[in-house]
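What the coordinates show
Each chain is listed here by its residues.
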Amino acid sequence: MKQKGIKGFLYNYKVAPYIFVLPFVLTFSIFWLYPFVSAVLMSFQNILPGETKWIGLGNYTKLLKDKTFYIAVKNSFLYTIITCALLIPIPMFLATVMNSLFMKFKTTYKAILYIPALTSVVVAGTVFGLMFSELDGSTMNQIMHFFGKPSVKWLKMYPTGWFAMITLCCWRWTGVNMLYFLSGLQGIDNSLYESADIDGATKWQKFTKITLPLLKPTSIFVLTISIYAGLAMFLESYMMWGGNGSPRNIGLTIVGYLYRRGIEKNQMGYASAVGLVLLVIALVINAVQLVMNGTFKKEK
C-alpha cells in the first residue's frame, strides 16, 4: 500500500509538473539565487577573517574613487567593442562563403575552424603568451626578424598587448560564431534567392535584402553572447600574462579586478560590489542593444 501510495503521488497530474521542474528550481536556487543574494549582502559588508562588519554603501563609495577600477572598466569596454566589431562581420562572411554552392570540403573547414573552441583556455593563453613573448626566439619576434625588424616587447606595451589579446579571442571564437550564422543561413528558404535571381538581383542585393534581414535573430543572439563574453573575459588575460599583474594594468578587466580584490587581497565585500556593478553594466548594455534591435518591440 505504501509503494502504491508513493506511485500514486508521483503520477498525480497535479503533482507531476512540480516534480519535473524541481531539479531546475533546486539548481537555480543553490547555484544562482543563493550566491547572488549572498553577494548582495556581502557588498554592504567589510569581510575579514573571522570578522564581518556592516558598512552600508562604503564599498560602493570607495569604488567610485578607485582609479584602478576605472582602468578595468575601460579595458573591458574597449575589449568588448573591438571583439564585437570583429566577431560578427567576419564569421558572417565566412558562413556565407561556407554556405555557397561552389564551396567544397565544407565539413573539413568547419571542423578546422571549430577546433580552437575545444582547446582549453589555459593552454591557449599559455601558448599565445609564449608566441608573443619578448624573447628573440618567440614566434612573433621570429616573424619580425624575417622582415628585418627588431624584437618587440609585445606584452609590455599597450597596442601590442591588446593585439595579442584580440588575436587570441578571434582565434578561439570565430569558428563558433561562424557555425551560429551558418545554422541561420541554412534556415533561409532557397526559393527567395531563386526569385531574386529571376528579378535580376545582384549578389550584393541578395545579401542586403534577403540574407541580412533574415539573419537578424542570429545576429542579435551572437551580439548578446559576444557582449557577455567580452565583459566576462578574465582567464585569457590571466594566462597570457602569467598572472593578474600585467604591466601598467594593460590586460586588467573587471573580472580580473574582482579576482584581485576578492581572492588575492581577501576583500570579499569589495569584490562583491565590483561583481554587482559588472552585472548591472552587462544587463544595461544588453537591454539597450535588444531595445535598439527591436527585440522587445510589440507586434501589432
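Model, not experiment: these values are computed from the prediction.

1. Re the pairing of strand 2 (residues 51–54)
In this structure, strand 1 (residues 45–48) lies alongside strand 2, joined through 4 bridges in antiparallel fashion. Looking at strand 2, one finds that Ile 47 is bridged to Thr 52. Connecting strand 1 to the next strand, strand 2, in antiparallel fashion are 2 residues, including Gly 50 with a positive phi near 80°.

2. Considering the packing of helix 4 (residues 67–86) against helix 12 (residues 216–231)
The geometry of helix 4 relative to helix 12 is characterised by a closest axis approach of 8 Å and an angle of 145° between their N-to-C directions. Considering only the axes of helix 4 and helix 12, their crossing is right-handed. Contacts between helix 4 and helix 12 pair Ser 76, Tyr 79, Thr 80 and Cys 84 from the former with Leu 223, Ser 226, Ile 227, Gly 230 and Leu 231 from the latter. Here the residues of the contact of helix 4 with helix 12 are counted per class, giving 5 nonpolar, 4 polar and no charged.

3. Some words on the layout of surface pockets
Its volume calculated, the largest pocket comes out at about 760 Å³. As for the largest pocket, its lining consists of 20 residues, of which Thr 96, Asn 99, Ser 100, Leu 101 and Tyr 193 are closest to the centre. Contributions of two or more residues to the lining of the largest pocket are made by helix 5 (89–99), helix 9 (158–186), helix 10 (190–198) and helix 11 (203–214). Grouping the constituent residues of the lining of the largest pocket by class yields 10 nonpolar, 6 polar and 4 charged. Estimates place the volume of the second largest pocket at around 420 Å³. Along the wall of the second largest pocket there are 16 residues; nearest its centre are Pro 35, Phe 36, Ala 39, Gly 275 and Leu 276. If you list the elements that add at least two residues to the lining of the second largest pocket, you get helix 2 (16–42), helix 14 (254–264) and helix 15 (268–292). Split by residue class, the lining of the second largest pocket holds 13 nonpolar, 3 polar and no charged.

4. Some points on empty space enclosed by the protein
For the coordinates displayed, the defined rule picks out 1 cavity of 30 Å³ or more. Volume-wise, the largest cavity comes out at about 60 Å³. Around the largest cavity sit Phe 234, Ser 237, Tyr 238, Trp 241, Gly 243, Asn 244, Gly 245, Ser 246, Gly 251, Leu 252, Thr 253 and Gly 256, which together line it. Considering only residue class, the lining of the largest cavity consists of 4 nonpolar, 8 polar and no charged.

5. What about the environment of Ile 115?
Relative to the helices and strands, Ile 115 is located in helix 6 (residues 106–118). The exposure class assigned to Ile 115 is partly exposed, which follows from its relative accessible area of 48%. Placed 60 residues apart in sequence, Ile 115 and Gly 175 show a C-alpha to C-alpha distance of 7.9 Å.

6. Here's the deal with the packing of aromatic side chains
Following the criterion strictly, the structure yields 19 aromatic pairs and no others. With 5.3 Å between their ring centres and 15° between their planes, Phe 28 and Trp 32 make a pair best called stacked. Here the residue Phe 28 and the residue Trp 32 both occupy positions in helix 2, the gap between them amounting to 4 residues, near one helical turn. Using a relative accessible area of 44% as the deciding quantity, one classes Trp 32 as partly exposed. Ring centres of Phe 234 and Tyr 238 lie 5.4 Å apart, and the angle between their planes is 50°; this geometry places the pair in the tilted category. Under the relative-accessibility criterion, Tyr 238 is labelled partly exposed at 24%. An aromatic cluster of three or more residues is present, and its members are Phe 128, Phe 132, Trp 154, Phe 163 and Trp 171. Geometry around Tyr 270 places Lys 62 over its ring, the cationic atom sitting 4.9 Å from the centre.

Calculation rules
Residues numbered from 1 in each chain as written. Predicted model: local features only at pLDDT ≥ 70, side-chain atom pairs only at ≥ 80, totals over all residues. Heavy atoms only, no water. Pairing = 2+ DSSP bridges. Helix = DSSP H or I, 4+ residues; strand = E, 2+ residues; numbered from the N terminus. Axes fitted to C-alpha atoms, helices over the stretch in contact; angles between N-to-C directions. Left-handed = near helix turned anticlockwise from the far one by under 90°. Contact = heavy atoms within 4.5 Å. Nonpolar A, V, L, I, M, F, W, Y, C, P; charged D, E, K, R; others polar. 1 Å grid on protein atoms, 1.4 Å probe; cavity = no way out; pocket = protein on both sides within 12 Å on 5 of 7 lines; lining within 4 Å. Points joined across faces, edges and corners; volume = space filled by probe spheres on them. Buried < 20%, exposed > 50% of the residue type's maximum accessible area, 1.4 Å probe, protein only. Phe/Tyr/Trp six-rings, centres within 6.5 Å; stacked < 30°, edge-to-face > 60°. Lys NZ or Arg CZ within 6 Å of the ring centre and 35° of its normal.

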